[in-house]
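One letter stands for each residue in the lines below.
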Amino acid sequence: MSGRRPSRFRAALLALSSPLLILLALLVLLTRHGTDRLPAVPALVIGAGLLTTSWIRRRRRRAELLRALRQGPPACGALRQGEGSPP
């Protein structure tokens, strides 16, 4: 995968893909009867799994960022004033 960031539209579409997958699976579950409902179950499980992993990753990243902010600048190997800064 390339290192480029997706466009705003594509990023929004990707963000909505899991909830839309879940919504579609629930719609199929409500409209069909009997064994016709079975094909909607994997879509429901995959959508819920994607949302759950996204939520867990976001919480971990935020906790890591908060921990780094509370820790402050690293003491070992830190740049002294005037070193490494542009003139």
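Each value, and the rule that gives it
Note that residues are indexed from 1 along each chain, following the sequence as it is written. Where totals are concerned, whole chains, interfaces and linings use all residues; where local detail is concerned, this predicted model gives features only for residues with pLDDT of at least 70, and gives and counts side-chain atom pairs only at 80 or more. The side-chain quantities take in all heavy atoms of the structure and omit both hydrogens and water. Secondary structure follows DSSP: runs of H or I at least 4 residues long count as helices, runs of E at least 2 residues long count as strands, and numbering of each begins at the N terminus. Only protein chains enter the area calculation, which uses a 1.4 Å probe; residues under 20% of their type maximum are buried, those over 50% are exposed, and those in between are partly exposed. Every accessible area reported is derived by Shrake-Rupley at a probe size of 1.4 Å, with residue values counting cover from the shown protein chains alone. The span one expects for a helix is its residue count, reduced by one, times 1.5 Å. Like-charged residues are merged into a patch within 9 Å and nonpolar side chains (Val, Leu, Ile, Met, Phe, Trp, Tyr) within 5 Å, provided each residue has over 30% relative accessible area and no salt bridge. By salt bridge we mean one thing: a side-chain nitrogen of Lys or Arg within 4 Å of a carboxyl oxygen of Asp or Glu. Counting rule for charge: Lys and Arg are taken as positive, Asp and Glu as negative, and neither His nor the chain ends is counted. Positions of charges follow a simple convention, taking NZ of Lys, CZ of Arg, CG of Asp or CD of Glu. Fitted lines through C-alpha atoms give the axes, limited to the stretch in contact for helices. The angle between two N-to-C directions lies from 0 to 180 degrees. When describing relative orientation, an angle under 35 degrees is termed roughly parallel and one over 145 degrees roughly antiparallel, while 65 to 115 degrees is termed roughly perpendicular and anything else oblique. The hand of a helix crossing depends on one turn: near helix anticlockwise from the far one by less than a right angle means left-handed, and clockwise means right-handed. Here, two residues are considered to be in contact whenever any of their heavy atoms come within 4.5 Å of each other. The classification used treats Ala, Val, Leu, Ile, Met, Phe, Trp, Tyr, Cys and Pro as nonpolar, Asp, Glu, Lys and Arg as charged, and all other residues, Gly among them, as polar.

Trainee: Looking at this structure, how should I read the overall build of the protein chain?
Mentor: For the protein chain, the helix and strand inventory stands at 2 helices and 0 strands. With 87 residues in all, the protein chain has 7% of them scored as buried. Accessible surface, the protein chain: about 8,300 Å² in total, of which carbon and sulfur atoms supply 63%.

Trainee: Hey, could you run me through helix α2 (residues 40-71) in this one?
Mentor: Every α-helix carries 3.6 residues per turn, so stepping three or four residues along brings you back to the same face. Between its terminal C-alpha atoms α2 stretches 47 Å, which fits the 46 Å expected from 32 residues at 1.5 Å a residue. Trailing α2 by a residue or two, Gly72 shows a phi angle of about 85°, which is positive.

Trainee: So what exactly am I meant to see when it comes to a positive patch on the surface here?
Mentor: A cluster of basic residues, Arg57, Arg58, Arg60, Arg61 and Arg62, forms a positive patch at the surface. Assignment of secondary structure puts Arg60 in helix α2. Assessed through its relative accessible area of 61%, Arg60 is described here as exposed.

Trainee: Would you mind going over the packing of helix α1 (residues 8-31) against α2 with me for this structure?
Mentor: The packing of two helices is summarised by the inter-axis angle and the distance between the axes. Between α1 and α2, whose axes approach to 8 Å, the crossing angle comes to 150°. Comparing their axes, α2 and α1 come out roughly antiparallel. Relative to α2, the crossing made by α1 is left-handed. For the pair formed by α1 and α2, the contact residues are Ser18, Pro19, Leu21, Ile22, Ala25, Leu26, Val28 and Leu29 on the first element and Ala40, Ala43, Leu44, Ile46, Gly47, Ala48, Leu50 and Leu51 on the second. Tallied by class, residues from the contact of α1 with α2 come to 14 nonpolar, 2 polar and no charged.

Trainee: Sorry if this is basic, but what is going on with a nonpolar patch on the surface here?
Mentor: Judged by side-chain polarity, Leu16, Leu20 and Leu23 come together as a nonpolar surface patch covering roughly 300 Å² of accessible area. Structurally, Leu16 can be placed in helix α1.

Trainee: Please clarify how the side chain of Ser18 should be interpreted in this entry.
Mentor: Position of Ser18 among the secondary structure elements: in helix α1. Ser18 gets classed as buried once you look at its relative accessible area, which sits at 10%. Apart from residues lying up to four places away in sequence, Ser18 is in contact with Gly47, Leu50 and Leu51.

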